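# Report on the structure
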Amino acid sequence: MVTQSSAKTLELIFDFGSPNAYLTLKVLPELLDRTGADLVITPCLLGGIFKATGNKAPMVQYAEAPAKLAYEHLEMQRFIARHGLTKFRLNPYFPINTLLIMRGAIVAADEGVLDDYVDAVNRAMWEDGVKMDDPEVAANFLTANGFDGPALLARTQEPDVKARLVANTEAAVARGVFGIPTFFVGDEMFFGKDRLGQVEEALG
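This is a predicted model, so every value here is computed, not measured.

Conventions adopted
Residues numbered from 1 in each chain as written. Predicted model: local features only at pLDDT ≥ 70, side-chain atom pairs only at ≥ 80, totals over all residues. Heavy atoms only, no water. Helix = DSSP H or I, 4+ residues; strand = E, 2+ residues; numbered from the N terminus. Contact = heavy atoms within 4.5 Å. Lys, Arg positive; Asp, Glu negative; His and termini not counted. Charge placed at Lys NZ, Arg CZ, Asp CG, Glu CD. Patch = residues over 30% accessible without salt bridge, like charges linked within 9 Å, V, L, I, M, F, W, Y side chains within 5 Å. Areas by Shrake-Rupley, 256 points an atom, 1.4 Å probe, with all protein chains shown as cover. Salt bridge = Lys/Arg side-chain N within 4 Å of Asp/Glu carboxyl O. Buried < 20%, exposed > 50% of the residue type's maximum accessible area, 1.4 Å probe, protein only. Polar contact = N/O pair within 3.5 Å; in protein donor to acceptor, adjacent residues only side chain to side chain. Phe/Tyr/Trp six-rings, centres within 6.5 Å; stacked < 30°, edge-to-face > 60°.

### Points about the overall build of the chain
The number of helices and strands found in the chain is 10 helices and 4 strands. The order of α-helices and β-strands along the chain, N terminus first, is β-α-β-α-α-α-α-α-α-α-α-β-β-α. Overall size of the chain, expressed as C-alpha extent along the three principal axes, is 45 × 40 × 35 Å. For the chain, long-range pairs separated by at least 24 residues make up 72% of all intrachain contacts whose partners lie at least 6 apart in sequence. Counting 19 positive and 27 negative side-chain charges, the chain places the averaged centre of each group 5 Å from the other.

Listed below in structure tokens is the structure:
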């Protein structure tokens, strides 16, 4: 997904806990092809972003505004239909604690396999309905998909790995991030999959 020859970079602040981040990544390849931009994925912890900024997930934030929540769902369904994302399924264990798999993303980045890891874990979360906050389940899924699951997850307990996820999250908050998916084109910030048109204009 990442091409090293381009001078343009699109940064995605990312956590597996956001279904909209999954949907975004499914449509980004065509945008990257059109703009010739590189994609850089920055793993962050959505729960940490929410805590630091006072933001909440839509299902919590709009719990007392059912019409708003219903419209959020409608917009998601429109996006899914428009782009033919028929494999998407809301995870039956949602919301899932993503701390383990986000630390795993830090490890995967270290090992040069972040793109493959993101593709696999996104599929587990939003297509296959896997309970990825269960370490044994996660390890088995990763092993079945070409990774050394136990070894990768063992590394998630290293202090440096934990610290880097925290640092990424704190740095994102310092830049104004309040939710995921958030994009940066240079210093310009864009939030949400419905801003992809603006992202493309900024890259163009």
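### Details of a nonpolar patch on the surface
A cluster of nonpolar side chains, Met59, Val60 and Leu69, forms an exposed patch at the surface whose accessible area comes to about 240 Å². Relative to the helices and strands, Leu69 resides in helix 4 (residues 66–83). You can call Leu69 partly exposed: its relative accessible area is 31%.

### A closer look at the side chain of Thr182
Examined against the element boundaries, Thr182 turns out to sit in strand 3 (residues 182–185). A relative accessible area of 0% means that Thr182 is categorised as buried. Only 2.6 Å separates the side chain of Thr182 from the backbone oxygen of Gly179, close enough to count as a polar contact. With near-sequence residues (within four places) excluded, Thr182 lies in contact with Glu11, Leu12, Ile13, Val177, Met189, Phe190 and Phe191.

### Considering the packing of aromatic side chains
Using the criterion set out here, one finds 7 aromatic pairs in the structure. Aromatic side chains Tyr117 and Phe147 sit 6.0 Å apart centroid to centroid with 85° between the ring planes, which places their arrangement in the edge-to-face category. Residue Tyr117 is located in helix 6 (residues 114–126), and its partner Phe147 is located in the loop between helix 7 (135–144) and helix 8 (149–155); the two are separated by 30 residues in the primary sequence. Measuring from ring centre to ring centre gives 4.7 Å for Phe178 and Phe191, while their planes differ by 45°; the resulting arrangement is tilted. With a gap of 13 residues between them, Phe178 in the loop between helix 9 (159–174) and strand 3 and Phe191 in strand 4 (residues 188–191) connect regions that are remote in the sequence. Ring pairing ties together the aromatic residues Phe14, Phe16, Tyr117 and Phe147, which thus form one cluster.

That's the geometry; what it means functionally is another story.
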